[in-house]
Amino acid sequence: MGKTNTIRWLVAAALIVGGVFTVNFYLDREVQTLARDMLAEHFHSEVALDTIHVRLLPTARVSGSGLVLSQTYGGAKIPFISAQKFSANASLWGMLSHTRQLHHVRVEGLIITVARHPQGEKQPTAKRKVPELDIDEVEADGAKLVILANKPGKRSLVYDMHHLVLTQVGKSNVMHYLANLRNALPPGEIEAEGSFGPWNFDDAGGTHLDGNYVFKKADLGVFKQISGTLSSTGSFTGELGRIDVKGSTETPDFAVKSGSHPVNLHTDFDATVDGTNGDTQLHSVRAKLLNSTFVVNGTIVDVPGPTGHIIYLHVVSDDAKVQDMLRVAVKTPPAMKGGLKFDAKVKINPGQGPVRNRITAEGRAYIVNGYFSSETVSEKIAELSNRAQGNPKGDKDAQVPAKFDTAFRLDAGKLAIRSLNFNVPGAEAKLHGTYVLDDQTLDFSGTAMLQSTVSEMTTGFKSLLLKAVDPMFKTKNAGTVLPITITGTRDEPKFKVQMKRLGEAKKEAQSN
């Protein structure tokens, strides 16, 4: 009896093992066809697959290699998803149920290529009815996200993802994602988490996404003219082709190469980004640099070729400090302090040269209650003010406030000043000319108008002698009018009175 039972158990075991081998053999033959059809239906793609294997015991497991899912874009096929190797765990019931359920999928060599279809292109699906596919979790290390340019001549965007986890992956599901990736420019680490989908297979740019991000250790030094380590946090929502982003940045060591003085720069921003090409609309960027605040809006647009982006900005400030701007821009201590207001439109062209040679700017700037830091300059300004008010023996050590009002245009490293009004108590100068940034050369001409007459600007016998020439320089609006030029360099300016322009200068003074 015992021997008979043993034989029966052995026969049963043989039948079971044989059945399992038979099923596995059948599955390995049939599962490729089913897998191709399921993937085609699930991802709306044509499927290429080198190998796929199914194991039912001790737990269900699917593995394979050489997976490529292709879609049509502009009449050509592109690899939407490709993977060198993949493996998945599932329950036996999950493999046999109406909706195929995979618990954990691990992918090696994953590349996701996204193409935006502005007109919408119908993608392929399975030719027969197949089970639906749901995946609890997809995990991939060393993956790449490639977003193809949607216009000829523009560059594709490539993101290297150290770690990617997708959960609740299904044809009609909103997926949850967790991604660690490295940003290309400026280089830095990004951690992002949120929801994504359902995937719009006929127009990837219409796929919904939202989430929060942390951007760490972004090196601004790659931009050559600036430096610093930027960090940023924020949130985003929208579609892949139009993402609304709100956040803030902190750069505790921001510096401009020309100044080399690290300062803290904080911004709060509201922008819209086209995730398919990187174009950005800056609705509002509120920046605080030292004790100065300013607001920026504009656009950043990718251009054909390898040279980068073209940037249009509108920069406005009603609460800036001259000393803050000078501290950032120049290496020497700020030459002036005071309140600063400005309104400028800026264009930065793409290219490899210095930013100052690629920037175009136009606008107005105002300095109120400006005081010069140099004692020598401050004494000269005080002396000018005293003499202009007819008090040549006034206090030379007095702090005299100056005002500037200028309209300017910067183009290819040359600053053209269409009008510059300079005021101190008793004196006003109206100038126009140019300043070249590279060699710091000056070429200005204009008119100075003083409250006092020529004779009132001095004392003693010299004053008596000069009374005879007072009428020559006097107008109804000014005691003295002087046509002047300023040439030389910023460090060594040369001032001259151009007597041949005296008549023209007096007419100008009378018209003001």
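Read on for a plain summary of the structure. (Residues numbered from 1 in each chain as written. Predicted model: local features only at pLDDT ≥ 70, side-chain atom pairs only at ≥ 80, totals over all residues. Heavy atoms only, no water.)

Moving on: the nonpolar core. The biggest cluster of nonpolar side chains holds 106 residues, and the ones touching the most others in it are Leu 67, Val 107 and Leu 110. The contact partners of Leu 67, leaving out residues within four places of it in the chain, are Leu 39, Val 47, Ala 48, Leu 49, Ile 81, Ser 82, Ala 83 and Phe 86. (Core = buried A, V, L, I, M, F, W, Y, C linked by side-chain atoms within 4.5 Å. Buried < 20%, exposed > 50% of the residue type's maximum accessible area, 1.4 Å probe, protein only. Contact = heavy atoms within 4.5 Å.)

Turning to helix H3 (residues 322-329), its buried residues number three or more, namely Val 322, Asp 324 and Val 328. One face of H3 carries all of its buried residues, which in axial projection span an arc of 165°. (Helix = DSSP H or I, 4+ residues; strand = E, 2+ residues; numbered from the N terminus. Arc of directions from axis to C-beta.)

The subject of this paragraph is the packing of aromatic side chains. Under the defined criterion, the tally for this structure stands at four aromatic pairs. Where Phe 294 meets Phe 342, the ring centres are 6.5 Å apart and the plane angle is 50°; that geometry is what we call tilted. Here Phe 342 lies in strand E18 (residues 336-348) and Phe 294 lies in strand E16 (residues 292-302), a separation of 48 residues in the sequence. A relative accessible area of 16% means that Phe 294 is categorised as buried. Grouped by ring-pair contacts, the aromatic residues Phe 372, Phe 404 and Phe 422 constitute a single cluster. (Phe/Tyr/Trp six-rings, centres within 6.5 Å; stacked < 30°, edge-to-face > 60°.)

As a further point, take the side chain of Thr 485. With respect to the element layout, Thr 485 can be found in strand E24 (residues 480-489). For Thr 485, a relative accessible area of 11% translates into the label buried. If we ignore the near neighbours within four places in the chain, the residues touching Thr 485 are Phe 444, Ser 445, Lys 494, Phe 495, Lys 496 and Gln 498.

Okay, a negative patch on the surface next. A surface patch of like charges, here negative, comprises Glu 375, Glu 379, Asp 395 and Asp 397. Structurally, the position occupied by Asp 395 is in the loop between helix H4 (375-388) and strand E20 (402-411). (Patch = residues over 30% accessible without salt bridge, like charges linked within 9 Å, V, L, I, M, F, W, Y side chains within 5 Å. Areas by Shrake-Rupley, 256 points an atom, 1.4 Å probe, with all protein chains shown as cover. Salt bridge = Lys/Arg side-chain N within 4 Å of Asp/Glu carboxyl O. Lys, Arg positive; Asp, Glu negative; His and termini not counted. Charge placed at Lys NZ, Arg CZ, Asp CG, Glu CD.)

Glancing now at the pairing of E18. Regular strands place their side chains on alternate faces of the sheet. By the bridge criterion, nine bridges tie strand E17 (residues 309-321) to E18 in an arrangement that is antiparallel. When the bridges of E18 are listed, Lys 321 appears paired with Gly 339. Bridging between E18 and strand E19 (residues 359-372) involves twelve bridges; their strand directions are antiparallel. Across the sheet, the residue bridging to Met 336 is Phe 372, located in E19. (Pairing = 2+ DSSP bridges.)

The next subject is the pattern of salt bridges. Within this structure, the stated rule accounts for ten salt bridges. Across the salt bridge formed by Arg 364 and Asp 405, the nearest N and O atoms sit 2.7 Å from each other. Of the two residues, Arg 364 is situated in strand E19 and Asp 405 in strand E20; the sequence distance between them amounts to 41 residues. By relative accessible area, which is 21% here, Asp 405 ends up partly exposed.

Our focus in this paragraph is helix H7 (residues 502-511). For H7, the full list of buried residues reads Leu 502, Ala 505, Lys 506 and Ala 509. Projection of H7 onto a plane perpendicular to its axis shows the buried side chains occupying an angular sector of 100°, all on one side. Summarising the geometry of H7, the exposed residues directed more than 90 degrees from the buried face are Glu 504, Lys 507 and Ser 511. Against the buried residues of H7 lie strand E23 (441-450), helix H6 (470-473) and E24.

A few words on a nonpolar patch on the surface. A surface patch of nonpolar side chains, amounting to about 260 Å² of accessible area, comprises Leu 185, Val 222 and Phe 223. In this structure, Leu 185 sits in the loop between strand E8 (175-183) and strand E9 (188-196).

The next subject is the side chain of Thr 475. By secondary structure assignment, the location of Thr 475 is in the loop between H6 and E24. Setting aside anything within four residues of it in sequence, one finds Thr 475 in contact with Val 481, Lys 506, Ala 509 and Gln 510.

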